[in-house]
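Architecture and fold: a report
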Amino acid sequence: MHWNDVDRYFMRLALAQARSAPAAGEVPIAAILVHDGLILASAHNLRESRQDPTAHAEILAIRNAAERLRTWRLTDSTLYVTLEPCPMCAGAVVQARIARLVFGAWDPKAGACGSLFDIPSEHKLNHRVEVLGGVLEEECQALIRDFFRTRRNDAPAKNESFSAQ
């Protein structure tokens, strides 16, 4: 399966959202939830500022969209994420009944949508999600790589540690 202009458009918006995360001290990962061409919710990671291990971009976007629509069933929607979701986020995508997941960079260390695991396609679950990975992959990878390169260079001065998700 290949991506289209719509997928590239929304991934560019997710990248723009992700670029704002470092100013808040966050890893530049973002998610945008779309239904019928309209953005229902967007978010970037807030784990560091909230000190909340569940404050991943995907979880925040799903929560915001569910609250906005007043339903946990986000059927017929597409979630755009700059990095392949982790097991927690992939599970949330399935639980929210999201139809499609489009992500940018693959995550060989924590990815659960085809890298380490493939939760959205698990036949034992009651919902399967169409997954498309690698959309604007180089741009998404570069954003995260540059962020961590900068953090490593600044780490002795700031004594901070971050993980990708």
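Above this text sits the structure in question.
Our subject in this report is the structure included herewith.

Now for the overall build of the protein. Helix and strand counts for the protein stand at five helices and five strands. When its helices and strands are written in sequence order, the protein yields α-β-β-α-α-β-α-β-β-α. The principal-axis extents of the C-alpha atoms in the protein amount to approximately 45 × 30 × 30 Å. Pairs at least 24 residues apart make up 59% of the contacts formed inside the protein by residues separated by at least 6 positions.

With that out of the way, let us pick up the sheet that holds strand β4 (residues 100-105). Backbone hydrogen bonds hold the strands of a sheet together, and the pairing may be parallel or antiparallel. Taken together, the five strands give an open sheet; going across it, the order is β2-β1-β3-β4-β5, and neighbouring strands pair in mixed fashion. Edge positions in the open sheet fall to β2 (38-44) and β5 (130-133), since each of these has one partner strand only. Strand after strand, the sheet turns through a mean of 15° between neighbouring axes, direction not considered. In this structure, β4 lies alongside β5, joined through four bridges in parallel fashion. In the strand pairing of β5, Arg-100 is matched with Glu-130. Across the face of the sheet, helix α1 (residues 5-19) comes into contact with β1 (30-35), β2, β3 (77-83), β4 and β5 while running at roughly 50° to β3. Across the sheet, helix α3 (residues 57-69) lies against β1, β2 and β3, angled at about 140° from β2, the strand it touches most.

It is at 9 Å that the axes of α3 and helix α4 (residues 87-95) come closest, and there the two elements cross at 25°. Comparing the axis directions of α3 and α4 gives the class roughly parallel. Along this stretch, α3 crosses α4, giving a crossing that reads as left-handed. Residues Glu-58, Ile-59 and Ile-62 of α3 lie in contact with α4, whose contacting residues are Met-88, Cys-89, Ala-92 and Val-93. Counted by class, the contact of α3 with α4 contains six nonpolar, no polar and one charged residues.

Take unusual backbone geometry next. Peptide bonds are, in most cases, trans, and in most cases residues other than glycine have a negative phi. Phi at Gln-51 is positive, roughly 50°, even though this residue is not glycine. Residue classification places Gln-51 among the exposed positions, given a relative accessible area of 61%. Phi is positive for Asp-76, which is not a glycine, with a value near 60°. Mapped onto the elements of the fold, Asp-76 is located in the loop between α3 and β3. You can call Asp-76 exposed: its relative accessible area is 59%.

With respect to burial, β3 is a largely interior element, seven of its seven residues being buried. Bridge count between β1 and β3: five bridges; the pairing is antiparallel. Looking across to β3, one finds that Ile-32 is bridged to Tyr-80. The pairing of β3 with β4 spans five bridges and is parallel. Paired with Leu-83 across the two strands is Ala-105, which belongs to β4. Each parallel crossover has a hand, and for β3 linked through α4 to β4 it is right-handed.

Calculation criteria
Residues numbered from 1 in each chain as written. Predicted model: local features only at pLDDT ≥ 70, side-chain atom pairs only at ≥ 80, totals over all residues. Heavy atoms only, no water. Helix = DSSP H or I, 4+ residues; strand = E, 2+ residues; numbered from the N terminus. Contact = heavy atoms within 4.5 Å. Pairing = 2+ DSSP bridges. Axes fitted to C-alpha atoms, helices over the stretch in contact; angles between N-to-C directions. Parallel < 35°, antiparallel > 145°, perpendicular 65-115°, else oblique. Left-handed = near helix turned anticlockwise from the far one by under 90°. Nonpolar A, V, L, I, M, F, W, Y, C, P; charged D, E, K, R; others polar. Buried < 20%, exposed > 50% of the residue type's maximum accessible area, 1.4 Å probe, protein only. Right-handed = clockwise from strand over helix to strand, strands pointing away.

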